[in-house]
Amino acid sequence: MRFQEELDLRLGEILEVLLAIARQDFNVRAAVRGTEDVLDAIAVGLNMLAEELGMEVASRRELERAHAELKRAQAQLVHSGKLAAVGQLASGVAHEINNPATSLEAALTIVKRSCDDLSTKLLSSEREVLGAAREAVADAQEAVSRIRRLTGDIRTFARADDEALRPLRLDEVVDVSCRLAAPMVRPRAELVLKLLPVPTVLGNRGRLGQVVTNLLVNAAQAVPEEAPTAQVVAVSTFERDGKAVLRVEDSGPGVPPELRDRIFEPFFTTKPEGAGTGLGLSLVSEIVLAHHGTIDVSSSDRGGACFDVSLPAVPDVAVPPSSPAQTTGPIRARVLLVDDEAMIVRLLGSLLSDRCDVVSANSGNEAIGILERDHAFDVILCDLHMRETDGIDVYEAVQRVAPSLLKRFVFTTGGAVTARGRAFLDRNDPRILPKPFRVDELFSLISELISSPLPSP
Amino acid sequence: MAETRTKICSFMLDERGFVHARLDAGATMEESDAREAIDATFRVAGEKRLPVLVDLRLLAGESRAARMYFVSDEAVARYSACALLVASPVSRVIGTFFLRLSEHKVPTRMFSNEAEATKWLVDLPK
């Protein structure tokens, strides 16, 4: 009887280990009596099996974790690749819009001047008729200005593959990005801006624009969809402890304290399935770190989340102005104008000829031919992207025949849309006049260039 | 004849050219014991790489880490072959786990007869 009880007990222990293994609990062990019998052998075997399985399962789980991490990293790369593709597409579209917009701006300037000239020759009753035309021209010029602002904003946003950090004003980047993102925010909340001047920071316009846009979109998605007039997304810039700070706050439900450490992890999202990739804030965090900055989340006075991006200031340096200073002084400069868009050459040539002596070239090849015979120019205005021989080839020809003229070589461009173009601009940092530009901007630039002496050849 | 012992095992150099390792009754082999055992084997062998007869007839258990160490490159650099001597059902289970669940880089076999195990070790090509 005692033997039967002992047998039942030992079988029961062995059964417990088997059940534990079935539950994937590999830490339970059967007692080994040291009786050296078959039951002891089974107990020893089971214990060894449990240990073996425990190690195997642990390494398999580790492999699965590594595999999942790899898949996430791959998805992130794909996502980044898609963003880059969207950026390239936007950049290409902006370029295509900018060329006709440049012609339109030049044509409108010519029409306006003609109206002004005509006005002096008309009777007062006839001038009223002309007045309507002049108003229409002014409206059209304002429309071109809007196109210019829009394509400029798109270019800023699309500069995703240019990673160079340059001195910039954070408040200006925030202003541009808010204009771009406003259509996404306004259907859900009022967008309130309070942009105070901040210290100059070393940054990448495109990347910081992405930070602002992602935070704005995140804030807009955080507020309830109902009653947009009752919801607020507030964006501000200010200086704190000598640093430039961007703050984005919303009137949504906020981020619970226990999730604040996790929201910057890739693929972490509190949004419903399909509403977010969980990449937005992790990209923001990565970009901010790459700028040697910090990002913090807290509760906003408005009840929702409050994100503070803080970037270190750089010693005061001259930040390139967003538009050249205007000038009204007389100009008489010899200008080589190079563009493969015949309309641009014709219209700009006509406008420039009032105050400059213009030599026109309708292609890069033609420009190089001219430069090999004659390089007595004060300024060269050259399109960057042209069919066959492009602006870079012309720049290199000038480097060969009249290197001192490079100081007065200006690329007019609707955007660097090729890798070659972007690499060249990054490497050489030449003077650029973004298309479309106003004629007064062009004269202002020419005036500035010819006022500084050329270096001796 | 050189002899030594560790916490759970005694070692003796057999004049026929192999090390005889005998595990204590009721002992359980952990990784630290396995390391000591390999060191002792090599020492008894006069720091030569000799075959080893492991008598595990009284062994009560062996951890996975110990088993993995015995087949590691570090360990097999110190012995050239292994004959496992088993008798009880428990030692047979331990021996079978060792033999079947590990990848062996030196000749390894299990025996229930000591004379056969010895003959196999002695007959191995030198």
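As a starting point, this report considers the structure included with it. A quick note: this is a predicted structure, and the numbers were derived from the prediction, not measured. (Residues numbered from 1 in each chain as written. Chains lettered and ligands numbered in written order. Predicted model: local features only at pLDDT ≥ 70, side-chain atom pairs only at ≥ 80, totals over all residues. Heavy atoms only, no water.)

## A word on the overall build of chain B
Quick reminder of the rule: Numbering goes from the N terminus for both helices and strands, where a helix is a DSSP run of H or I of at least four residues and a strand is a run of E of at least two. The buried label goes to any residue with under 20% of its type's maximum accessible area, the exposed label to any with over 50%, and the partly exposed label to all in between, with areas taken from a 1.4 Å probe on protein chains only. Contacts between residues were defined by any pair of non-hydrogen atoms, one from each residue, lying within 4.5 Å. For accessible areas, the Shrake-Rupley method is used with a probe of radius 1.4 Å. Any residue's cover is judged against the shown protein chains and nothing else.
Tallying secondary structure elements over chain B gives five helices and eight strands in all. Beginning at the N terminus, the succession of helices and strands in chain B can be written as β-β-β-β-α-β-β-α-α-β-α-β-α. The proportion of buried residues among the 126 residues of chain B is 52%. Long-range pairs, those at least 24 residues apart, make up 74% of the contacts in chain B with a sequence separation of at least 6. Of the roughly 6000 Å² of accessible surface on chain B, 52% is carried by carbon and sulfur atoms.

## As for the sheet that holds strand 2 (residues 190–195) of chain A
The pairing of strands in a sheet happens through backbone hydrogen bonds and is either parallel or antiparallel. Residues and elements named next belong to chain A. For clarity, the cut-off: Two strands pair if DSSP finds at least two bridges between them. For every element, the axis is a line fit to its C-alpha atoms; helices are fit only across the contacting stretch, and the angle between N-to-C directions ranges from 0 to 180 degrees.
Read from one edge to the other, the open sheet built from five strands follows the order 2-4-5-7-6, with strand pairing classed as mixed. Lying at the two open borders of the sheet, with one neighbouring strand each, are strand 2 and strand 6 (294–299). Ignoring strand direction, the axes of neighbouring strands in this sheet form an average angle of 15°. Here strand 6 runs beside strand 7 (residues 305–311); their pairing, made up of six bridges, is antiparallel. Looking at strand 7, one finds that I295 is bridged to V309. Sheet strands in contact with helix 4 (residues 170–185) are strand 2, strand 4 (232–240), strand 5 (243–250) and strand 7, and its direction is about 175° off that of strand 2.

## Some remarks on unusual backbone geometry
All names here are of chain A. Going from K435 to P436, the amide bond is cis rather than trans, its omega being -10°. Looking at the secondary structure, you find P436 in the loop between strand 12 (431–434) and helix 11 (439–451). Positive phi is not limited to glycine here, since E388 has a value of about 60°. The exposure class assigned to E388 is exposed, which follows from its relative accessible area of 77%.

## As for the pattern of salt bridges
What counts is decided by this rule: For this analysis, a salt bridge means a side-chain nitrogen from Lys or Arg found within 4 Å of a carboxyl oxygen belonging to Asp or Glu.
Within this structure, the stated rule accounts for 39 salt bridges over all chains. In this structure, R166 of chain A engages D426 of chain A in a salt bridge whose closest nitrogen and oxygen atoms are separated by 3.3 Å. Within this pair, whereas R166 of chain A is found in strand 1 (residues 166–168), its partner D426 of chain A is found in helix 10 (residues 419–428), the two being separated by 260 residues in sequence. A relative accessible area of 32% means that R166 of chain A is categorised as partly exposed. One continuous salt-bridge network, built from bridges that share partners, spans E52 and E56 of chain A together with R64 and R67 of chain B.

## Focus on the packing of helix 8 (residues 364–373) of chain A against helix 9 (residues 391–401) of chain A
Residue and element names in this part refer to chain A. Quick reminder of the rule: Small angles under 35 degrees read as roughly parallel and large ones over 145 as roughly antiparallel, with 65 to 115 read as roughly perpendicular and the rest as oblique. Under the scheme applied, nonpolar residues are Ala, Val, Leu, Ile, Met, Phe, Trp, Tyr, Cys and Pro; charged residues are Asp, Glu, Lys and Arg; polar residues are all the others, including Gly.
Following both chains from N to C, one finds helix 8 and helix 9 inclined at 10°, their axes separated by 9 Å at the closest point. The orientation of helix 8 with respect to helix 9, classified from their angle, is roughly parallel. Contacts between helix 8 and helix 9 involve G364, A367, I368, L371 and E372 from the first element and D393, V394, A397, V398, R400 and V401 from the second. For the contact of helix 8 with helix 9, the class distribution of residues is seven nonpolar, one polar and three charged.

## Examining the interface of chain B and chain A
For clarity, the threshold we go by: Defined in terms of a 1.4 Å probe, buried area is the accessible area two parts forfeit on being brought together, summed over both.
Between chain B and chain A, the residue contacts involve 16 residues of the former and 14 residues of the latter. Both faces combined, the contact of chain B with chain A buries some 1200 Å², and carbon together with sulfur accounts for 64% of it. If you look at where chain B meets chain A, you find three salt bridges. Here R64 of chain B makes a salt bridge to E52 of chain A, at a shortest N to O gap of 3.3 Å. Looking at the side of chain B that touches chain A, the elements with two or more residues in it are helix 2 (64–70) and helix 4 (89–100) of chain B. The dominant element in the side of chain B that touches chain A, judged by the number of residues it contributes, is helix 4 of chain B, at five residues. Of the residues in the side of chain B that touches chain A, the class split is ten nonpolar, two polar and four charged.

## Describing the packing of helix 9 of chain A against helix 10 of chain A
Residue and element names in this part refer to chain A. For the pair helix 9 and helix 10, the least separation of the axes is 10 Å and the interaxial angle reads 35°. Here I392, D393 and Y395 of helix 9 lie close against helix 10, whose contacting residues are R420, G421, F424 and N428. Considering only residue class, the contact of helix 9 with helix 10 consists of three nonpolar, two polar and two charged.

## Some points on the side chain of S285 of chain A
Residue and element names in this part refer to chain A. Mapped onto the elements of the fold, S285 is located in helix 6 (residues 280–290). We classify S285 as buried; its relative accessible area is 15%. Contacts of S285, omitting those with residues within four sequence positions, involve F264 and I295.

## Concerning empty space enclosed by the protein
Residue and element names in this part refer to chain B. What counts here: A cavity, in this analysis, means grid points on a 1 Å lattice covering only the protein atoms where a 1.4 Å probe fits yet has no way out; a pocket is instead an open set bounded by protein on both sides within 12 Å along at least five of seven lines, and a residue lines either one if it has an atom within 4 Å of a point. Grid points are joined across faces, edges and corners, and a volume is the space filled by probe spheres set on the points.
Under the criterion given, the structure shown has two cavities of 30 Å³ or more. Roughly 220 Å³ of internal volume is contained in the largest cavity. Around the largest cavity, the lining is made up of 18 residues, and of these M29, V54, F70, C82 and L84 lie nearest the centre. Counting residues per element, the ones that place at least two in the lining of the largest cavity are strand 2 (9–14), strand 3 (18–23), helix 1 (31–44), strand 5 (50–55) and strand 7 (79–85). Residues of the lining of the largest cavity, tallied by class, amount to 16 nonpolar, one polar and one charged.

## Observations regarding the environment of K48 of chain B
Residue and element names in this part refer to chain B. Topologically, K48 is positioned in the loop between helix 1 and strand 5. In this structure K48 comes out as exposed when scored by relative accessible area, which is 53%. Expressed as a C-alpha distance, the spacing of K48 and Y79, which sit 31 residues apart in the sequence, is 7.9 Å. Apart from residues lying up to four places away in sequence, K48 is in contact with F42 and R78.

Honestly, that's just the spatial picture; any functional story needs more than this.
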